[in-house]
Structure formats: C-alpha cells, structure tokens
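Now for the letters of each chain:
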Amino acid sequence: MDIFAHMQQALHDLKTAGNYRVFAELERQCSAFPRATVHRADGDTGEVTVWCSNDYLGMGQNPKVTGRMTEIIAKCGAGAGGTRNISGTNHYHVQLEKELADLHGKEAALIFTSGYVSNWAALGTLLSRIPGIIVYSDALNHASMIEGIRHSGCERRVFRHNDYQHLRKLMAADDPKLPKMVAFESVYSMDGDIAPIKEICDVADEFGAITYIDEVHAVGMYGPRGGGVAEREGLMDRITVIEGTLGKAYGCMGGYITGSEVLVDFVRSFASGFIFTTALPPALAAGATEAIRHLKESQVERARHQATVAKVRQALDARGIPHMHNPSHIVPVMVGNAAKCKWISDILLDQFGIYVQPINYPTVPVGTERLRITPTPLHSDADIKHLADALSSLWSQCALARKVA
Ligand SMILES: *Cc1c(COP(=O)(O)O)cnc(C)c1O
C-alpha cells in the first residue's frame with residue numbers, strides 16, 4: 001500500500017464532499033477586538049470584524065488580564081519549566097486552582113493544558129479506574145468527552161439529546177448495583193440550547209449516579225459570579241464534577257475540573273494526560289486567575305453581552321434571516337447547504353470585511369449547515385447593522401428562503 005497516496009486520496013475525498021477545512025489566517029489586534037487583520041493566501045492583508053470568536057467577552061485583551069500576564073512573564077519567565085510533579089508547579093497554578101474551586105463552590109480544582117485535555121483525561125481516568133462503572137452520555141456531547149469515554153473502555157449508553165426521560169429508561173434497565181455516571185454539557189455550542197440540569201440531576205440521584213457537566217460555553221458568562229448555568233440555577237452542589245475552560249470567556253488558555261478533595265486527588269494521581277505533560281506557563285495561570293476574579297465581581301461584560309446578542313437577533317429578524325432560537329448567546333444562522341454556507345462565508349470575508357467561519361458536516365448534521373455567530377460586548381450597533389445588511393444581500397443572491405416574522 002502506498003501510504004502517501006492513501007493520504008492524498010483521503011484529502012481529495014474531503015474536498016470533494018465540501019468538508020475540507022480552510023483556516024483564516026488572522027492577526028488579532030489587542031485593544032481593537034473584534035477587529036483583526038486577515039492575511040490572505042496571495043500575501044495581501046485586510047481588516048475584518050470577527051463574528052465567530054469564542055473570546056466571548058473580549059477578556060483576551062482586558063488590560064487587567066494582559067497586564068497581569070506581562071507582569072508575571074517579567075517575574076517568572078516564559079514557561080513552567082516542568083511537569084507539575086517535577087519542578088513545574090508554580091505558585092500561580094496553585095492560586096488558580098483555589099480560585100476555580102471557590103468559583104464552583106467545590107473543595108478542589110485541577111488545571112490541564114486545555115479544556116479538551118481536561119475532559120479526555122478526567123473522563124478517561126474516572127471511567128477506566130472505577131470497576132464496573134457505566135457512563136450515560138448525552139448524544140451531542142463534545143468530541144473531547146466522547147474521546148475520554150471511548151478511551152476508558154467502560155460500558156456506555158447514549159441518551160437522546162437533553163432527553164432525561166430516555167436517560168431514566170436507560171438507567172432503569174441496568175444493574176442497580178453497578179456504579180454510574182451521567183456526563184453532559186450545560187450550553188451546547190452548535191445549537192446554543194441548554195440542558196435541563198435539575199431534571200438530569202434528579203434522575204442521576206434516583207439511580208445513585210455521579211454527575212459530570214461540561215460548562216465550557218457557560219463559565220464566565222452565566223451566574224452572578226460567572227460560575228456557569230449551574231450557578232445561575234443554584235445547582236452547583238448537585239453536580240459531582242464541573243469542568244470548564246480558560247480559553248473561551250476567560251480569554252486565555254487551559255482547562256480544569258472541580259470537585260471533592262478525594263475525586264480531584266484521584267484524577268491528579270492517576271491521569272496520564274495530567275501527569276506526563278509540562279504545566280501551563282505561570283503567566284497564563286496568573287492571567288486566567290485575573291480574568292476569573294474580574295468576572296466574579298463585574299456584571300458589565302455579561303450584561304452588555306446579552307444586550308448585543310438581543311440586538312443581533314432583532315436585526316436578523318427584521319430582515320427575515322432565519323436563525324435558531326435558543327436561550328443562550330450563540331446565534332446559529334441557518335443556511336442548510338454546505339456549498340452555499342462556504343460561499344457566503346467567503347464573500348463576507350472578501351467583500352464585506354466580516355469573518356464568520358462556515359460550520360458544515362461532520363460538526364453539524366447535513367442539511368443544517370450554518371454560520372455560527374457569536375456576538376461580544378465589543379460589537380457596535382454599526383457592526384451589527386453591517387452584518388445584518390451583508391447577510392440580507394447575500395440571502396437574495398443565493399435565493400435562500402426568508403422567514404416572515
Ligand atoms: C471548546 C470545547 C472544549 C475544549 O475546550 P478547549 O479549552 O478549547 O480545549 C470542551 N468542551 C466543549 C463543549 C467545547 O466546546
């Protein structure tokens with residue numbers, strides 16, 4: 001077999017299917033977010049407004065955060081200098097873990113190099129090392145959770161998305177003596193819908209299961225201190241493990257879990273993906289700590305963010321641009337065709353200075369291709385009008401259906 005010919009063919013097939021990923025090369029501009037410079041393939045550059053960033057609140061350029069990072073780089077240098085076990089545990093990692101445990105009202109926290117790694121390592125470790133455990137996993141769980149679950153090799157059941165009745169049915173069919181875990185998210189990133197956390201916890205309690213929630217798209221954004229949807233709904237104490245990221249609303253990088261002392265110590269002691277890798281740079285840990293502290297106190301970013309989201313939805317409705325209604329900050333504009341979705345995204349970038357990455361299969365089901373718009377508190381009324389007008393004109397050019405309000 002010709003290995004390289006095989007790779008070539010696989011890439012060719014991806015392109016033919018319209019699923020080949022092309023990255024936009026951006027140069028983010030601190031203090032001008034959501035503006036960025038785009039570097040095109042021909043060497044040209046241009047200015048764009050970013051409408052698909054997960055730096056939801058613009059904390060990546062908050063002067064308190066960047067100032068703190070600069071200060072700690074000057075003090076501690078660039079890298080951590082080792083794994084957590086071998087000379088890499090810095091004072092700022094420990095401070096960050098205390099801050100996170102406090103954020104979620106838990107005894108302890110553990111940080112990882114990304115949210116992906118935190119899900120993969122924590123789920124992989126818990127599920128492979130608790131004998132006989134069965135995991136019940138929401139059908140739309142993130143790839144990092146699925147990979148962690150698969151890697152563990154444990155028994156798994158998939159319940160229909162957000163369907164706690166189906167979850168109950170699956171749990172009732174299993175041996176009551178076996179240990180169980182329910183794994184789900186709060187805000188689902190592609191549809192922007194929110195899990196019925198209380199009902200899921202009720203079912204989990206009924207069968208004595210532990211619960212694991214991914215609040216990656218909610219931390220910093222919901223709850224009076226940014227503790228996520230579970231904080232907003234007063235449910236943090238019903239969840240065994242709360243997992244989150246420092247890379248989205250907190251504007252930095254890294255992931256974490258929070259939970260009881262013994263559970264966190266267990267993951268710390270057995271998770272290969274935690275043990276055998278260099279710790280996060282101290283400056284990153286300090287910057288993330290600053291972002292968390294700021295969003296524990298300040299309501300300004302959250303309030304402005306929700307206001308911008310509402311304005312974007314209104315502007316789309318006024319022009320009949322169909323978007324998925326949901327209770328979160330994510331605005332999926334539905335195109336329903338892979339080629340048109342990519343074409344609209346390309347034209348927005350090239351002719352309107354608007355950057356929204358197309359979301360196609362396999363990230364979302366075929367026929368639900370979309371532009372996933374993520375407004376921030378930093379998008380102006382003029383930005384919103386420009387986006388809605390541009391979409392409206394492209395909707396006509398593509399002969400796409402409008403929705404009558
Ligand atoms: C982005 C994402 C992650 C991974 O977090 P990173 O910090 O980006 O690695 C985990 N879960 C969900 C639901 C996500 O969308």
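Residues numbered from 1 in each chain as written. Predicted model: local features only at pLDDT ≥ 70, side-chain atom pairs only at ≥ 80, totals over all residues. Heavy atoms only, no water.

Notes on the nonpolar core
Here is step 1 of the chain: By size, the foremost hydrophobic cluster in this structure holds 55 residues, and its most contacted members are L100, V182, F184 and I197.
Here is step 2 of the chain: Of the residues forming this core, the biggest block, eight residues, is contributed by helix α12 (residues 282–297).
Here is step 3 of the chain: Other than its neighbours up to four places away in sequence, I197 contacts F184, S186, I213, V229, A230, E233, L235 and I239. (Core = buried A, V, L, I, M, F, W, Y, C linked by side-chain atoms within 4.5 Å. Buried < 20%, exposed > 50% of the residue type's maximum accessible area, 1.4 Å probe, protein only. Helix = DSSP H or I, 4+ residues; strand = E, 2+ residues; numbered from the N terminus. Contact = heavy atoms within 4.5 Å.)

A word on the sheet that holds strand β3 (residues 45–50)
Here is step 1 of the chain: Judged by pairing direction, the sheet is mixed, and its four strands sit side by side in the order β1-β2-β3-β12 without closing on themselves. The open sheet terminates on both sides in strands that have one partner only, identified here as β1 (25–28) and β12 (354–355).
Here is step 2 of the chain: Judged from the five bridges that link them, strand β2 (residues 35–39) and β3 form a sheet pairing that is antiparallel. Counted as the bridge partner of T37 is E47 from β3. (Pairing = 2+ DSSP bridges.)

Things to note about the domain arrangement of the protein
Much of the literature gives interface size as the accessible area that the parts lose upon coming together.
Here is step 1 of the chain: Structurally, the protein comprises domain 1 (63–297) and domain 2 (299–333 + 343–404).
Here is step 2 of the chain: Placing the centre of domain 1 and that of domain 2 at their C-alpha centroids yields a distance of 29 Å.
Here is step 3 of the chain: The interface is formed by 20 residues belonging to domain 1 together with 17 residues belonging to domain 2.
Here is step 4 of the chain: With both sides pooled, the region where domain 1 packs onto domain 2 buries about 1400 Å², and carbon together with sulfur makes up 49% of that total. (Domains from an automatic or database assignment. Buried area = accessible area lost by both parts, 1.4 Å probe.)

Brief notes about the UniProt feature "domain: Aminotransferase class I/classII large" (unreviewed entry) in the protein
Here is step 1 of the chain: Taking the numbering used here, the UniProt-annotated feature "domain: Aminotransferase class I/classII large" (unreviewed entry) corresponds to residues 48–391.
Here is step 2 of the chain: Helix makes up 45% of residues 48–391 and strand 15%, whereas the separation of the span's terminal C-alpha atoms amounts to 15 Å. (UniProt positions renumbered as here; feature names shortened; annotations may be inferred.)

Some points on unusual backbone geometry
Here is step 1 of the chain: In the segment running from F33 into P34, the intervening peptide bond is cis, with an omega of 15 degrees.
Here is step 2 of the chain: In this structure, the amide linkage connecting Y361 to the following residue, P362, adopts the cis form with an omega of 10 degrees.
Here is step 3 of the chain: Within the secondary structure, P362 is located in the loop between β13 (358–359) and β14 (370–373).
Here is step 4 of the chain: Although it is not a glycine, S87 sits at a positive phi angle of roughly 70 degrees.
Here is step 5 of the chain: Positioned with a positive phi, N162 is a non-glycine residue whose angle comes to about 60 degrees.

Some points on helix α6 (residues 143–152)
Here is step 1 of the chain: Three or more residues of α6 are buried, namely S144, M145, G148, I149 and S152. Here the buried residues of α6 occupy an arc of 135 degrees about the axis, which is enough to place them on one side.
Here is step 2 of the chain: Among the residues trailing α6, G153 stands out with phi positive, at a value near 75 degrees. (Arc of directions from axis to C-beta.)

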